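Listed below are the residues making up each chain.
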There are 6 protein chains.
Amino acid sequence: MTNSTFHQPVDAVEVPRFAGHSTFMRLPAVQDATGLDIALVGIPWDGGTTNRAGARHGPREVRNQSSMMRRVHHVTLTEPFSIANIADVGDISVNPIDLLDGLKRIEAGMRAIVEAGAIPLSVGGDHLTTLPVMRAVAAGGPVGMIHFDAHSDTNDTYFGGNPYTHGTPFRRAIEEGLLDPKRTVQIGIRGSIYATDEHDWARAQGIRVIYMEECTRRGIADVMAEARAIAGDGPTYVSFDIDCIDPSMAPGTGTPEIGGFTTREAQALVRELSGVRIVAADVVEVAPPFDVAGMTALAGATILFELLCVIAEGVAARR
Amino acid sequence: MTNSTFHQPVDAVEVPRFAGHSTFMRLPAVQDATGLDIALVGIPWDGGTTNRAGARHGPREVRNQSSMMRRVHHVTLTEPFSIANIADVGDISVNPIDLLDGLKRIEAGMRAIVEAGAIPLSVGGDHLTTLPVMRAVAAGGPVGMIHFDAHSDTNDTYFGGNPYTHGTPFRRAIEEGLLDPKRTVQIGIRGSIYATDEHDWARAQGIRVIYMEECTRRGIADVMAEARAIAGDGPTYVSFDIDCIDPSMAPGTGTPEIGGFTTREAQALVRELSGVRIVAADVVEVAPPFDVAGMTALAGATILFELLCVIAEGVAARR
Amino acid sequence: MTNSTFHQPVDAVEVPRFAGHSTFMRLPAVQDATGLDIALVGIPWDGGTTNRAGARHGPREVRNQSSMMRRVHHVTLTEPFSIANIADVGDISVNPIDLLDGLKRIEAGMRAIVEAGAIPLSVGGDHLTTLPVMRAVAAGGPVGMIHFDAHSDTNDTYFGGNPYTHGTPFRRAIEEGLLDPKRTVQIGIRGSIYATDEHDWARAQGIRVIYMEECTRRGIADVMAEARAIAGDGPTYVSFDIDCIDPSMAPGTGTPEIGGFTTREAQALVRELSGVRIVAADVVEVAPPFDVAGMTALAGATILFELLCVIAEGVAARR
Amino acid sequence: MTNSTFHQPVDAVEVPRFAGHSTFMRLPAVQDATGLDIALVGIPWDGGTTNRAGARHGPREVRNQSSMMRRVHHVTLTEPFSIANIADVGDISVNPIDLLDGLKRIEAGMRAIVEAGAIPLSVGGDHLTTLPVMRAVAAGGPVGMIHFDAHSDTNDTYFGGNPYTHGTPFRRAIEEGLLDPKRTVQIGIRGSIYATDEHDWARAQGIRVIYMEECTRRGIADVMAEARAIAGDGPTYVSFDIDCIDPSMAPGTGTPEIGGFTTREAQALVRELSGVRIVAADVVEVAPPFDVAGMTALAGATILFELLCVIAEGVAARR
Amino acid sequence: MTNSTFHQPVDAVEVPRFAGHSTFMRLPAVQDATGLDIALVGIPWDGGTTNRAGARHGPREVRNQSSMMRRVHHVTLTEPFSIANIADVGDISVNPIDLLDGLKRIEAGMRAIVEAGAIPLSVGGDHLTTLPVMRAVAAGGPVGMIHFDAHSDTNDTYFGGNPYTHGTPFRRAIEEGLLDPKRTVQIGIRGSIYATDEHDWARAQGIRVIYMEECTRRGIADVMAEARAIAGDGPTYVSFDIDCIDPSMAPGTGTPEIGGFTTREAQALVRELSGVRIVAADVVEVAPPFDVAGMTALAGATILFELLCVIAEGVAARR
Amino acid sequence: MTNSTFHQPVDAVEVPRFAGHSTFMRLPAVQDATGLDIALVGIPWDGGTTNRAGARHGPREVRNQSSMMRRVHHVTLTEPFSIANIADVGDISVNPIDLLDGLKRIEAGMRAIVEAGAIPLSVGGDHLTTLPVMRAVAAGGPVGMIHFDAHSDTNDTYFGGNPYTHGTPFRRAIEEGLLDPKRTVQIGIRGSIYATDEHDWARAQGIRVIYMEECTRRGIADVMAEARAIAGDGPTYVSFDIDCIDPSMAPGTGTPEIGGFTTREAQALVRELSGVRIVAADVVEVAPPFDVAGMTALAGATILFELLCVIAEGVAARR
């Protein structure tokens, strides 16, 4: 299955990690997604952020920290760069001051990747970016979703009626027919809420909301078995909000909630995605201005690598 | 039970979290505790600190981070602001350079709250602040205590005879008849000690000292069942020293000890207080000059919210 | 001229600076501007920021650092709180995710202050906030402006046609008839530019653009004499972008340019405003997520105090 | 067994922790190891670091944070300073710019300690420092090793043939006959790898490589029982790379890998060394320039204390 | 004049700066001041601090940063270690929680140094430490003072009557007859003040108060000529409060005031002390918890070296 | 002179500064220097650092901060990208653990650039990198040098005889006939020195050493007129060590010395290079692990832009 023409990362045994231009996984930077199986792409946009902005700086720092990744997954022995053609296609051209234009640009940029036949694995940006990505990815019909997050992000409106914020993407996605709520599961939800019925709308649509406390009680493997069953065999979006991880391990995010997953658990969560038919995935809400010691960006980069391995396995299996 | 005249926090769906004056939980600032069920109060004083000062800055930063709290507890669905009248009564007027005057001022300030009929939920400040709070709270007789901490704080004297430091409050409280050692339990104690018999005095008084290692072995639920049994039905003080949490999750404190509780465990600890007759509670030793990314203050604010929910439930149950 | 009913700040010889609720200059928080000569107001909004957001957090941190201010200016011996009635009227209610709604809310909030008869002294927020403030202040006719900044902020559009960013407010203000370019001077402009003719539009309107290098050569007193002559006797807006100060002294800002004013020079600049008929003033672009050790917020708070003294002198003189 | 002539640390109940010259455990600084049972020694050298240097600053900050240690282990009640003669013998004189000279100097310095009859407990420095220490310690024959690390450090060469880096010490030690691979166990290995066969060489030599995931599955006690069995009764080196701990708890290191041990687990790991015949031990890869809030140095200092207790018990038992 | 038996610092061309135990100027640590011309001594105490504590940590960090100093002053070519016998006598044993005991201990510790015949050059600690130092130094009669500071520190009382704070030492020193106000000059005073007559008491005693603005206008040389004339030939104390330097260059201090001296000016100020008969000197108010990148401690260490050169020159001249 | 085929930077009015891959000045990344007038190149190597390493990370962070640069110099109106063909040729492939191999690799990499006919403008790396650059640049005969630095870097050996460190490059360069000392001037030298004769060797060779104090006294213009006269018309190397700037403005460096140039002065220094025949230039010693808020990298990037403008003017003039 290995193809010697696939893009390869720079080898840190030859060129130290701090040297050279910074790209995702030290892969080549390419102009477009043609010929790629998986396109790593940045979405430096946080126009939907209601509290602390900064996720616009996420792609740059995740790229920097992804220089720590090597070629092989030590547990699964997956070699993503040998079994799939992967590259860094750069950042979507965004508009930081115009929300609706920003959404359009992201959708257009992602549509180009999807139409080129690549699976987009994107790095946000705030969680509203997932909405235009879904508009591109779910053009042919709704997707399911396995969603790791501290927040359900299914609120209705903010600030006197604004429908588009990073707290509302999945309500909009369901309303627009992009997301199949019956094939959607949210994992790690926690933190104080606005109202006792805050998650009722999500549940009424059929979304399965699994609180952090339930994860602690049941364990990762059991929860993920349920998640895989919910997603089923259909096309599935995986959205990983870095704030599902505890803020001591991922402080660089806009809406931290204590009591989250450890990174060890987060890695286990992603590894349990094996076999899911992932059509797109993202890591969002890494906000470097609030980070310390690059630890959030490193966590984001490592989760990105974990997702890459799982997706590449699927690519190879379906080839 | 809901009373529409109760104070309500500013709603972040209308006014963003970074806007407006900073108060505990975004509640109104009121002049005194009259009419309140629970008084949130700051004690910006660290005059008893033997190593790294800074807890004097705790109330301000806990207020700032408490702007992240919302109205409802996501697990218990408790709505503290609907079932109890709660407000921010400001900070006790302290004296940073005179230990004895500091103790007097804190006692006087807390006495006013207690006499107004409100349950004080205070934010320190170092742990010596608990002593004058107890002098106010236990005026009518000794209280029991459920105490979360890395340290027993039952030493005798420091620096050639000083009886009042943040390492001695509970020895003084027992000596003064404020604290009933037989109804006292200390949870999470750990770290190297001065002498093999360091905790013998506490145990001889009847205090139950539960080391971190025992908590790990037995689990939160079991330990807390014992704690509730020890506290019994009597009036109980809950003291939460932020250094019971691991310093990677709460680095902003004066005497960090590795190997502590996770915030997830800390939340579970507090939730297990349900049913305890809490007459006063505190969160102490948040020292912002040593914090990173506000994570200690956020942990403190969230624990404050957890305590608030438990206390409000009790208020409503007893109404 | 002293009026014993004027609002007074908390005295740090009685209550330490770290204690109590945080307001501008430790003044009382009031609900509206009625009866005030000068209204200190926050505008926590950075919706026009094209690069690094964060000025939305400016008012909170400037409030915190303003606790370092005392009652009397040590050089001029001005006692602002004795000669003018001043208070903290809180923050404008903003909308962080909708640029046009944000502009409207700021204008409305500022209009209320102006109509109450108070001079608004606002703390941003990014520099686009000055546009809606001017819409409120210059309702009766265009104002002049003395503008301290590294950037002229008279660009036309960004990102394919957006007319409203923090790089365009003064072009818009001139187009809308709010700002009289012939009575406008920009001081401290520096840094690489987009095009050789970047400042030609401003100059063609009659704006006097004084580069940093000219300030260094001529000295503060000479430059400010010219500035006062340009502003003349008419109503004048003073806008102080914190990035006019060197980024080593004010790192917490979105668009730092090395080679700026020292804080010593900045204080001298503001003191030279004495006698100017200031109808409104602001300190903008303090972005705490990029600050270190609170030094930018402290510089902002001190400049705010300097402006307050100059404005209060004018109030007293005109009374 | 207690000997009143043993060196004793400064008592923090008499002299506050922030006062006085900084030494390991606040012990006396002595010129050489004569008469000591255990010599605490710094090796401020990171000449073998392939990515982020900084471990050269490790000894100074570990000394600073070790001022937080007290005299008695709270679980085992071991009093290391009463049962063994321990002191701080200072830092090895190193050469930061000459790798081979650096290795020679470290070996010579450690040889002096070993020949004086003391067990060296060293603080690095990067992991290449362990090689020259082993050259001194294993002069009489190969040692076994219990090795806590995220990385196996058994690579062959870097950068076109360099045999000496912090990624290669244990391959060199085996080749040089210093380390008995059949008595060697590596615990906590994790993170992406360069090649699927990366650990095959180590396994082929007989090293037991226990991945982090296996530790999670089996638990600390079980893994350490196996480790003790592997080390057996022979002379054993204990090497503790701080990056075995999760980077949220030990960010100050050169090659962080998420998903590591908690400090609570790390303490348990070291306590399970009881009974092992430790002839030398180290704590390496603490890199203060990348640390936050001193938490990595504090973790390193506490692990150093845990190791000290275990080694002192052995000293006392064999006396 | 050179004496080969004088203590010498470790040479960084042989032992790198990051290696070895940390002492002032890398000099030997000695037990007492006997035989020394100049005793470098730490006073880790901030019990008089009214706002942000932290100067207790000053000596440790100034020691660390003083490892950057070399043997010869590049402008004056003074070689302090060749012309005077200098060593680090450690820290005064302090009491962090008892103000009056703290003052007594400092006085006693300093008296020992003075009685041993050494000139004390101390590192605070907050500015109240200067009072007990003066009690030791001025036992034989009042001293003059050249005082660099942002604040006059001649207030009367705080917090309802406390006479001893870091804002009051020089009023107390004058009242106690330790300080001759007619031979006292304060340089760099600035920042908002409590009352228009704040400095009147000082001036009434005869102290010459030179504001920052006057220093800017007249220049360093002219101001210092006046200062030398005021001090005259009598015994003179030099007190250097690090907050006389601008907070962008010395952020790690408790009461920062913008608009201060640059470090370049500060060095020039100290060099102009040549010829003054200095009987004791200090560098105070370095508060590491508020520092960034060690820059305040480095500034403090360099000023300490500058003072050391000037004092050593005097020692040699009078030998 | 403008050539429409020249490489152009990404325009921040179209693509925000935080978006896209990070290159010097947002220029295209090219594989080699063929066809370029000026090659921007990184040398991520600090193998010669005797104290605090970290300059290996310099190129990456200078690239990041150079995204703040625009197209035109605001004072000279130079448009470097219109008058010269400029691109980012990436980083030299280095060896972080082998000093001599590192020097060879740098020389080889730079030789390729020089032989392609481009003027190298490099970003270090520590100052030892200048030696191999000179070996490449001065192949045809010695160059003159205008050198901005706190240190002369003309020491002989370190650590018992090592000839190659970042304190020795210019002694080696003179010995190797690469540098003409009579055409060499060092500007801004300051800080304590190892010996009174430390700079005598340099002066004996004919180097003109201008201390910081002389710069302050004479002013930038006068000093630079002398510098230009010393360099004359011959080929000249410009070396800008970031530590010539004050550590409050450039804290991210290995050997900070207080009392340095302001960035305003530094910009003036570089602008005065106009007319000098620059054959190569560098910005060295930016060490991001010690930086705060990216301010050192921003200063480095801006100085890089200033140098680029001066060099491009020369290129255009000589075309």
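The residue count restarts for each chain, going from 1 along the sequence in the order it is written. Starting at A for chains and at 1 for ligands, labels are handed out in the order in which the entities are written. The predicted origin of the model limits local features to residues at a pLDDT of at least 70 and limits the giving and counting of side-chain atom pairs to 80 or more, whereas totals for whole chains, interfaces and linings rest on all residues. Only hydrogens and water are set aside; all other atoms, that is, all heavy atoms of the structure, feed into the side-chain values.

- Taking an unreviewed UniProt entry as the reference, chain A is identified by name as Agmatinase belonging to Ferranicluibacter rubi.
- UniProt positions are given in the numbering used here, feature names are shortened, and annotations may be inferred rather than shown by experiment. Per UniProt, the comment on chain A under Sequence similarities (unreviewed entry) is "Belongs to the arginase family. Agmatinase subfamily."

A word on the sheet that holds strand β2 (residues 86-91) of chain A
Residues and elements named next belong to chain A.
- Taken in spatial order, the 8 strands make up an open sheet running β2-β1-β3-β8-β7-β4-β5-β6, and their pairing is parallel. Strands with a single pairing partner mark the edges of an open sheet, and in this sheet they are β2 and β6 (208-211). Each strand of the sheet is rotated relative to its neighbour by a mean of 15 degrees, with strand direction disregarded.
- A pair of strands is labelled paired if DSSP reports no fewer than 2 bridges between them. The helix and strand labels rest on DSSP assignments: H or I over at least four residues marks a helix, E over at least two residues marks a strand, and numbering proceeds from the N terminus. Bridge analysis of strand β7 (residues 236-241) against strand β8 (residues 278-284) gives 6 bridges, and the strand direction is parallel. Bridge pairing in β8 links Ser239 to Asp282. Every axis corresponds to a line fitted to the C-alpha atoms, with the helix fit spanning only the stretch in contact, and the corresponding angles, defined between N-to-C directions, vary from 0 to 180 degrees.

What to know about the pairing of strand β1 (residues 38-42) of chain B
All names here are of chain B.
- Of all 5 residues that make up β1, 5 are buried, and the element is covered over most of its length.
- Here the term buried applies to any residue with accessible area under 20% of the maximum for its type, exposed to any over 50%, and partly exposed to those in between, with areas from a 1.4 Å probe on protein chains only. With burial as the criterion, each face of β1 is covered, one bearing Ile38, Leu40 and Gly42 and the other bearing Ala39 and Val41.
- Of the strand pairs in this sheet, β1 and strand β2 (residues 86-91) are connected by 4 bridges, and their pairing is parallel. Of the residues in β2, the one forming a bridge with Leu40 is Asp88.
- In terms of strand pairing, β1 meets strand β3 (residues 119-123) through 5 bridges, oriented parallel. In the sheet register, Ala39 faces β3, and the bridge partner there is Pro120.

Points about the packing of helix α3 (residues 99-115) of chain E against helix α4 (residues 130-137) of chain E
All names here are of chain E.
- In the contact formed by α3 and α4, the axes pass within 8 Å of each other and the chain directions differ by 40 degrees. By the angle class used here, α3 and α4 are oblique. Taken as a pair, α3 and α4 cross one another with a handedness that is right-handed. Across the interface between the two elements, Leu103, Ile106, Glu107, Met110, Arg111 and Val114 of α3 pack against Pro132, Val133, Arg135, Ala136 and Val137 of α4.
- Residue polarity follows a fixed list, in which Ala, Val, Leu, Ile, Met, Phe, Trp, Tyr, Cys and Pro are nonpolar, Asp, Glu, Lys and Arg are charged, and the others, Gly among them, are polar. A class-by-class count of the residues in the contact of α3 with α4 yields 8 nonpolar, no polar and 3 charged. Between 65 and 115 degrees an angle is taken as roughly perpendicular, under 35 as roughly parallel, over 145 as roughly antiparallel, and anywhere else as oblique. What makes a crossing left-handed is the near helix being turned counterclockwise from the far one by less than a right angle; a clockwise turn instead makes it right-handed. Between two residues, a contact is recorded if the distance between any of their heavy atoms is within 4.5 Å.

Re the pattern of salt bridges
- What makes a salt bridge here is a side-chain nitrogen of Lys or Arg within 4 Å of a carboxyl oxygen of Asp or Glu, nothing more. Overall, the coordinates contain 132 salt bridges over all chains when judged by the stated rule.
- A salt bridge links Arg111 of chain E to Glu107 of chain E; its shortest N-O distance comes to 2.3 Å. Placement of both Arg111 of chain E and Glu107 of chain E in helix α3 is noted, with a separation of 4 residues, approximately one turn of the helix.
- What makes Glu107 of chain E buried here is its relative accessible area of 18%.
- For Arg208 of chain E, the salt bridge goes to Glu214 of chain E, with nearest N and O atoms at 2.6 Å.
- For Arg208 of chain E, a relative accessible area of 25% gives the class partly exposed.
- A cluster of three or more residues bridged by salt bridges with shared partners is formed by Arg208, Glu214, Arg218, Asp222 and Glu226 of chain A.

Considerations on unusual backbone geometry
- The peptide bond linking Gly124 of chain A to Gly125 of chain A adopts the cis configuration, its omega dihedral lying at 10 degrees.
- The residue Gly125 of chain A is located in the loop between β3 (119-124) and α4 (130-137) in this model.
- Of note in this structure, Leu77 of chain C is not a glycine but carries a positive phi near 60 degrees.
- Of note, Leu77 of chain C is situated in the loop between α1 (58-65) and α2 (80-83).
- Positioned with a positive phi, Glu285 of chain D is a non-glycine residue whose angle comes to about 70 degrees.
- Considering the arrangement of structural elements, one finds Glu285 of chain D in the loop between β8 (278-284) and α10 (295-318).
- On the basis of relative accessible area, Glu285 of chain D is assigned to the buried category, the value being 5%.

Topic: the UniProt feature "binding site: Mn(2+)" (unreviewed entry) in chain A
Residue and element names in this part refer to chain A.
- What UniProt calls "binding site: Mn(2+)" (unreviewed entry) maps, in this numbering, to His127, Asp149, His151, Asp153, Asp241 and Asp243. Spanning 117 residues, the named residues nonetheless gather at one spot, since no C-alpha pair among them exceeds 12.1 Å.
- Along the chain, the position of His127 falls in the loop between β3 and α4.
- Accessibility expressed as a relative area gives 0% for His127, which makes it buried.
- Those residues within four positions of His127 in sequence are excluded, and the remaining contacts are His147, Asp149, Asp153, His166, Pro169, Phe170, Ser239, Asp241, Val284 and Glu285.
- Two N or O atoms form a polar contact when they lie within 3.5 Å of each other; inside protein one atom must be a possible hydrogen donor and the other a possible acceptor, and for residues adjacent in sequence the pair counts only when both atoms belong to side chains. A distance of 3.2 Å separates polar atoms of two side chains, one belonging to His127 and the other to Asp149.
- Topologically, His151 is positioned in the loop between β4 (143-148) and α5 (169-175).

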